[in-house]
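# Observations on chain architecture
Read off the chains here:
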There are 2 protein chains.
Amino acid sequence: MRQPIEILGLHNLKRTSCREGIIRVIMSASTALSESEIRERLEGNYDRTTFYRSFKTLVENKIIHKIVVDNQLVKYALDNSVTHKHEHAHFYCNECERVQCLDDVVMPALKLPTGYTLTEMELIIKGLCNQCSCKN
Amino acid sequence: MRQPIEILGLHNLKRTSCREGIIRVIMSASTALSESEIRERLEGNYDRTTFYRSFKTLVENKIIHKIVVDNQLVKYALDNSVTHKHEHAHFYCNECERVQCLDDVVMPALKLPTGYTLTEMELIIKGLCNQCSCKN
DNA sequence: GTTCTTGCAAAATATTTGCAAGACG
DNA sequence: CGTCTTGCAAATATTTTGCAAGAAC
């Protein structure tokens, strides 16, 4: 996978430490991360406004994507254009509240009602992850 | 389908005009509605706090369910326990921004990774609805 | 009459915008 | 140096909480 700096260059975005850091943290994580989780793992201390704007820019450029579980739980993960993976489902664990991209769960082919066209789909699966289901 | 008043009684909830009105408006709609859309269609004028609490109560009692598209677009629709229908996908139209429950799109059976257990799934399909795709 | 719900005020939280200073290329 | 990005302040929006008055049963 490409390096953060390189990715920014490919999209003609300025290589700022905030953007670079966000991408680096998300790349090194095994689960999707929330704004505060990303902040904790960054060295620099950035203004919240800057965070919002950086996320917005990265999402618009399809470098990361936003996952919203129910309401108010917003997490970010690398976008397919960076990982070279296909559209995938997201798994939310009711216990540890972590969100993971399920790369191996293929998105089902659906038959929509007549006249409807599909551009995108989002599948969120809720349950217990492997770690949390062992504990019970 | 049962009447709003009756539904409230079945869940041991007091029959207040706010709750009754919310259920009635949602029942008579063909698409999922947002808080403000529901407010517009109600006679009485209720405090926003009351609205939030009413939605919370109705969702907890599985009378309605909440659908969140991307972030910040929250809509409500009748729950399966009231409609007697199965789990279904939701369709969001990028053009008219309406959300519809696709009762005929069966939720796919998925094979999760080992150790993962499923309790719930939410499938949101985005695209153009039949009305909006005709116009283009 | 007891319990639950409402409305109001206020707090907590989340998000957006304008603008001047600063960094990138 | 021109353009884009940041940080700060402030505006806007969203959601939650406490409490007293009111409605439901």
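Structure's up top.
Right, let's get into the overall build of chain A. A count of helical and extended segments in chain A gives six helices and six strands. Reading chain A from its N end, one meets helices and strands in the order α-α-β-α-α-β-β-α-β-β-β-α. Seen along its three principal axes, the alpha-carbon backbone of chain A occupies a region of about 45 × 45 × 30 Å. By the burial criterion, 45% of the 136 residues in chain A qualify as buried.

Let us now look at the protein's contact with DNA strand C. Close to DNA strand C lie 18 residues; Arg 15 of chain A together with Lys 14, Arg 19, Thr 50 and Arg 53 of chain B are nearest. Among the atoms of DNA strand C close to the protein, meaning within 4 Å, 64% are from sugar or phosphate groups. Taking Lys 14 of chain A, its side chain carries an N or O atom lying 3.1 Å from a base oxygen of DNA strand C. A distance of 3.0 Å separates a phosphate oxygen of DNA strand C from a polar side-chain atom of Thr 16 of chain B. Of all the secondary structure elements, the ones that give two or more residues to the surface near DNA strand C are α4 (48–60) of chain A together with α2 (17–27) and α4 (48–60) of chain B.

The subject of this paragraph is the protein's contact with DNA strand D. The environment of DNA strand D is made up of 18 residues, and the closest members are Lys 14, Arg 19, Thr 50 and Arg 53 of chain A together with Arg 15 of chain B. Each atom of DNA strand D within 4 Å of the protein was assigned to sugar, phosphate or base; sugar and phosphate come to 64%. Taking Thr 16 of chain A, its side chain carries an N or O atom lying 3.0 Å from a phosphate oxygen of DNA strand D. Contact between DNA strand D and Arg 53 of chain A: a base oxygen at 2.7 Å from a side-chain N or O atom of the residue. Put simply, the parts of the chain that give the surface near DNA strand D at least two residues each are α2 (17–27) and α4 of chain A together with α4 of chain B.

Turning next to the environment of Tyr 46 of chain A. Residues and elements named next belong to chain A. Summarising the element assignment, Tyr 46 is placed in the loop between α3 (35–41) and α4. For Tyr 46 and Cys 18, which are 28 residues apart along the polypeptide, the C-alpha to C-alpha distance reads 7.3 Å. Setting aside residues up to four positions removed in sequence, Tyr 46 forms contacts with Ser 17, Cys 18, Arg 39 and Phe 51. In this structure the side chain of Tyr 46 is engaged in a polar contact, spanning 3.5 Å, whose partner is the backbone nitrogen of Cys 18.

A few words now on the interface of chain A and chain B. If you look at the interface, chain A gives 35 residues, while chain B gives 35 residues. Here chain A meets chain B over a buried area of about 2,700 Å², counting both sides, of which 59% is carbon and sulfur. The tally of links between chain A and chain B comes to two salt bridges. The residue Lys 126 of chain B makes a salt bridge to Glu 120 of chain A at a minimum N-O spacing of 3.8 Å. Where chain A touches chain B, the interface holds 14 residue pairs in polar contact (both at pLDDT 80 or more). When contributions to the side of chain A that touches chain B are tallied by element, the ones reaching two or more residues are β2 (64–69), β5 (99–106), β6 (117–128) and α6 (130–135) of chain A. If you tally residues by element for the side of chain A that touches chain B, the top one is β6 of chain A, at twelve residues. Within the side of chain A that touches chain B, the residues separate by chemical class into 18 nonpolar, eleven polar and six charged. Taken together, the eleven bridges between β6 of chain A and strand β6 (residues 117–128) of chain B define a ladder with antiparallel strand orientation. Directly across from Leu 123 of chain A, in β6 of chain B, lies its bridge partner Leu 123 of chain B.

Extensive coverage of α2 of chain B is indicated by the burial of eight of its eleven residues. If you check which residues of α2 of chain B are buried, you get Cys 18, Arg 19, Glu 20, Gly 21, Ile 22, Ile 23, Val 25 and Ile 26 of chain B.

Here the focus is the packing of α2 of chain B against α4 of chain B. Residue and element names in this part refer to chain B. Interhelical geometry of α2 versus α4 gives an angle of 65° and a closest axis separation of 10 Å. Put simply, α2 runs roughly perpendicular to α4. Crossing of α2 against α4: the hand is right-handed. Counting all contacts with α2, which are made through Cys 18, Arg 19, Ile 22 and Ile 23, the residues of α4 involved are Thr 50, Phe 51, Ser 54, Phe 55, Thr 57 and Leu 58. Looking at the contact of α2 with α4, its residues break down into six nonpolar, three polar and one charged.

Bringing the relation of the copies chain A and chain B into the picture now. For the pair chain A and chain B, the superposition axis carries a translation of 0.0 Å, the fit reaches an RMSD of 0.0 Å, and the rotation angle comes to 180°. Both chain copies can therefore be described as sitting about a two-fold axis. Relative to the rotation axis, the closest C-alpha in chain A is found at Leu 123 of chain A, a distance of 2.2 Å. A shared interface surface links the copies, since 100% of the contact residues of chain A are contact residues in chain B too.

Definitions and limits used
- Within any chain, residue numbers begin from 1 and follow the written order of that chain's sequence.
- For this description, chains carry letters from A and ligands carry numbers from 1, given in the order in which they are written.
- For this predicted model, a pLDDT threshold of at least 70 governs which residues receive local features, and a threshold of 80 or more governs which side-chain atom pairs are given and counted, while totals over whole chains, interfaces and linings are taken from all residues.
- Side-chain numbers here rest on the full set of heavy atoms in the structure, without hydrogens or water.
- Note on conventions: DSSP H or I runs of at least 4 residues are helices, E runs of at least 2 residues are strands, and numbering of each starts at the N terminus.
- Only protein chains enter the accessibility calculation, which uses a 1.4 Å probe. A residue is then buried if its area is under 20% of the maximum for its type, exposed if over 50%, and partly exposed in between.
- Whether a residue is near a molecule or strand depends on its heavy atoms: if one lies within 4 Å, it is near.
- For this analysis, a polar contact is any N or O atom pair within 3.5 Å, provided that within protein one partner can donate a hydrogen and the other can accept it, and provided that sequence-adjacent residues contribute only side-chain to side-chain pairs.
- We call two residues in contact when some of their heavy atoms are within 4.5 Å.
- Computed with a 1.4 Å rolling probe, the buried area is the accessible surface lost when two parts are put together, summed over both parts.
- Any Lys or Arg side-chain nitrogen found within 4 Å of a carboxyl oxygen on Asp or Glu counts as a salt bridge.
- When residue character is reported, Ala, Val, Leu, Ile, Met, Phe, Trp, Tyr, Cys and Pro are called nonpolar, Asp, Glu, Lys and Arg charged, and the others, Gly included, polar.
- Strand pairing requires that DSSP identify at least two bridges connecting the strands.
- Whenever a helix is involved, its axis is fitted only over the stretch in contact; in every case the axis is a line through C-alpha atoms, and angles between N-to-C directions fall within 0 to 180 degrees.
- Any angle that is under 35 degrees is reported as roughly parallel, and any over 145 degrees as roughly antiparallel; angles of 65 to 115 degrees are reported as roughly perpendicular and all others as oblique.
- Should the near helix be turned anticlockwise from the far one by less than a right angle, the crossing is termed left-handed; should it be turned clockwise, right-handed.
- We place the copies in one frame by least squares, fitting the C-alpha atoms of every residue whose pLDDT is at least 70 in both.

Shape descriptors only; they carry no functional weight alone.
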